[in-house]
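Residues per chain are reported as follows:
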Amino acid sequence: MARRAAAGLALTLVLVAGATLTALPERSEAVPAPVLLTDASWREALDVAPTTAQEDAAWLAAGTVPGTGGPWEAVVRQSLLDLRSLTADSGAVAAGPAPRWAYAWPRDSAFAAAALSATGHRDEALRVLGFLARVQLDDGGFEARYLLDGTGTPDGRGRQADGAGWALWALGEVLADAPTRAQALRELRELRGLLDGATGFAMEVTDGGRELPEPSSDYWERREAELTLGTVAPLLAGLRASARLQPLLGEHAAGRRLAAAAGSLEELLHEEFGPTGYLRYADPDVETGGVDAAVAFLLPPFAPGVPGEPVLAAFDAYQVRALRPAGGLAPGAGWKSDGVSWTPEVALVALAAASSGRTGQAAHWLDWLAAHPAPWGSLPEKVAADGSPAGPAPLGWTAASVVLAMAALEARERGDHGDHGG
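Residues numbered from 1 in each chain as written. Predicted model: local features only at pLDDT ≥ 70, side-chain atom pairs only at ≥ 80, totals over all residues. Heavy atoms only, no water.

1. Description of the overall build of the protein
Moving on, step 1. Each helix and strand counted, the protein has 14 helices and three strands in total.
Moving on, step 2. For 422 residues, the compact-globule estimate of 2.2 N^0.38 gives 22 Å, and the C-alpha radius of gyration of the protein, at 20 Å, lies within 12% of that figure.
Moving on, step 3. Projecting the C-alpha coordinates of the protein onto the three principal axes gives extents of approximately 55 × 55 × 45 Å.
Moving on, step 4. For the protein, the residues scored as buried account for 57% of the 422 residues in total.
Moving on, step 5. Of all intrachain contacts in the protein linking residues separated by at least 6 positions in sequence, the fraction that spans at least 24 positions is 69%.
Moving on, step 6. Here the protein has roughly 16300 Å² of accessible surface; of this, 53% comes from carbon and sulfur atoms.
Moving on, step 7. Side chains of the protein carry 33 positive and 52 negative charges; the gap between the two charge centres is 3 Å. (Helix = DSSP H or I, 4+ residues; strand = E, 2+ residues; numbered from the N terminus. Rg over C-alpha atoms; globule rule 2.2 N^0.38 Å. Buried < 20%, exposed > 50% of the residue type's maximum accessible area, 1.4 Å probe, protein only. Contact = heavy atoms within 4.5 Å. Areas by Shrake-Rupley, 256 points an atom, 1.4 Å probe, with all protein chains shown as cover. Lys, Arg positive; Asp, Glu negative; His and termini not counted. Charge placed at Lys NZ, Arg CZ, Asp CG, Glu CD.)

Listed below in structure tokens is the structure:
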């Protein structure tokens, strides 16, 4: 395990290396400081029955708690228990317990499924994927978010193209954790509709990997007139996952075709976003662009192998340019400068760093997250400029990414450098 001194040194080196990169200036915006929207009784808002300490201990013991005995054991343990409570018996995963967050986003669900699977809670992970299969649209894509009962959407918000990519990525991660090939095959057959539908959608919107998709909302949760890296990269990760899964079904030709499509789409992504340093938008003149957290989607566990130096440089630049007063990160350098740090992006960076062997960098961000919980221990969505927790707590995406980051660090310690993105 990387020690905290090493973590601080690693981040210092990152900051020094990025010092020649001019950070976007802070703009003073007259907006109220965010506040914590939930309290320790948050489960009541989701109608989740409270569990006893004995029940929690038994559930954790049925799987694993990455980081046990280390400095982040408490935050990982709490994150796992929060994921358990956020996940309904139906497999719907609430993004958070506050009213505007009590819906199931395909992206958040994908990360939750991967985290539950990585820690031995296989039944829960498969239920999450089953929910995604049930709400999947006829064309294989997804709405931006769903009611927790799976009956539809809460409003008229537009669809997000990245959902199909995230569903495929999670399916690949969960099946890669199966104890045997035979079990993976059984589970994949049960989820064949999810695989085929999402694959068909990803192939359709990219013309078989020959074109970049049309603009779509992504994890920034807003309408987009320009294509974002946060839309393309998840679709690429999804095509790669589908290509890996096809041979399990005996579909070797389909696997080769999808691998070729992923390779073509990857080339287009680098041709379009690489020249400007992997900014949020390929067009550097878009004012609210700049480098953002989506560059993490180009690193493991979303992409295979060691990223190229330009990608790593953009990854480091994001951590400099999006830094906020409390020490966390905004979703991107072009995000509004309100001083607020966002924990899902911090946790995402920790995950990508851990999965890429950048243990000191991962340790720094895990330290920061562990230092900014809500009073009862759950990780909040935001941290205000003064360091206080804000927004709903817990946030499922953050919790899942923390669990996955710690699992990746432990895999590195064991010498298991393989990643599911390969």
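Here the narrative resumes, following the displayed structure.
2. Here we look at the side chain of T199
Moving on, step 1. On the secondary structure map, T199 appears in helix α8 (residues 192-205).
Moving on, step 2. Reaching out from T199, the side chain makes a polar contact with the side chain of S242 at a distance of 2.7 Å.
Moving on, step 3. For T199, the residues in contact, after removing those within four places along its chain, are L168, S242, Q246 and L258. (Polar contact = N/O pair within 3.5 Å; in protein donor to acceptor, adjacent residues only side chain to side chain.)

3. Description of the sheet that holds strand β2 (residues 382-383)
Moving on, step 1. Read across the open sheet, the three strands follow the order β1-β2-β3; overall the sheet is antiparallel. The sheet is open, and its two borders are formed by β1 (341-342) and β3 (389-390), each paired with just one other strand.
Moving on, step 2. In this sheet, β2 lies alongside β1 in antiparallel orientation, the contact comprising two bridges. Residue pairing for β2: W342 is matched across the bridge by K382. (Pairing = 2+ DSSP bridges.)

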